[in-house]
Amino acid sequence: VTTPVSTSNKTVSAEFTSTDGDSAQIGEELTYTITFSVPANTNTYNTTFLDTIPDGLTVTSQTTTHGAITATSQGNGTTIISANGGTLDSLPSSTTVTVTIKATVDTFYNNGTTPVDNNDIFYNTGFFRWNYIKDDSNTSRTAISDTTTATIYEPNLTNFDKSTSTANPVAGNT
């Protein structure tokens, strides 16, 4: 049996896009968009989606065009995003599912003492899993999304000028 290949793609964009499109500053919101396409002439059953958002990011929202989606914080600072059930459970031929996850870049990692710093990189990959025969786990397939990266950058503030006026000096002021 030859099963058609489903595809999954993932992109990341920053709230205030930098010149390279995948960099962000602390406090900025990142948007992850993942799409899963069911090929023509096939169906998927028992379809699920999983994505682990890395430590250093706080998930602010998650949506899906099919099924129910949840975010579960883990003790290590990561957040697991999962979607299943409802219309995601059984997808007809040529259906496209879109999952959108928004997360804010934190000031510190989960341990509370290590700062998120310039040039830190957040890697992220999600995946869809499904059966091509209903309720038959022996027909399970997985589509892994592209791995996205978001590099943290901090602006380089180098143009500081300071001057003083001695026209009316006050004792004790420096």
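Reading the values: the criteria
Residues numbered from 1 in each chain as written. Predicted model: local features only at pLDDT ≥ 70, side-chain atom pairs only at ≥ 80, totals over all residues. Heavy atoms only, no water. Pairing = 2+ DSSP bridges. Helix = DSSP H or I, 4+ residues; strand = E, 2+ residues; numbered from the N terminus. Core = buried A, V, L, I, M, F, W, Y, C linked by side-chain atoms within 4.5 Å. Buried < 20%, exposed > 50% of the residue type's maximum accessible area, 1.4 Å probe, protein only. Contact = heavy atoms within 4.5 Å. Phe/Tyr/Trp six-rings, centres within 6.5 Å; stacked < 30°, edge-to-face > 60°.

It is worth spelling out the sheet that holds strand β2 (residues 23–24) at this point. Across the sheet, which stays open at both edges, the 3 strands sit in the order β2-β13-β10 with mixed pairing between neighbours. The outermost strands of the open sheet, each flanked by one partner alone, are β2 and β10 (121–124). Both β10 and strand β13 (residues 148–152) contribute to a ladder of 4 bridges, which runs antiparallel. Note on β13: the bridge partner recorded for F122 is A150.

Buried together is how nonpolar side chains tend to be arranged in soluble globular proteins. Ranked by internal contacts, the top residues of the largest apolar core, which has 30 residues, are L30, Y32 and I101. Elements with a contribution of two residues or more to this core: β1 (7–14), β3 (29–37), β4 (44–53), β5 (57–64), β7 (79–84), β9 (96–105), β11 (126–131) and β13. For this core, the leading source of residues is β9, giving 5 residues. For L30, the contacting residues outside a window of four places in its chain are V12, S13, A14, A24, L57, I101, K102, A103, V105 and A150.

This next bit is on the packing of aromatic side chains. Across all of its chains, the model carries 4 aromatic pairs by this definition. A ring pair is formed by Y109 and F122, whose centres lie 6.3 Å apart and whose planes are at 55 degrees; its orientation type is tilted. One end of the pair, Y109, is in the loop between β9 and β10; the other, F122, is in strand β10, with 13 residues separating them in the sequence. By relative accessible area, which is 18% here, Y109 ends up buried. With relative accessibility at 2%, the residue F122 sits in the buried group. Following the ring pairs from residue to residue traces out a cluster consisting of F36, F49, F128 and W130.

A separate point is the environment of T63. Relative to the helices and strands, T63 resides in strand β5. As a C-alpha pair, T63 and T98 span 35 residues in sequence and 8.2 Å in three-dimensional space. The residues contacting T63, other than those within four sequence positions of it, are I69, T98, V99 and T100.

Any functional reading would require information beyond the geometric quantities listed.
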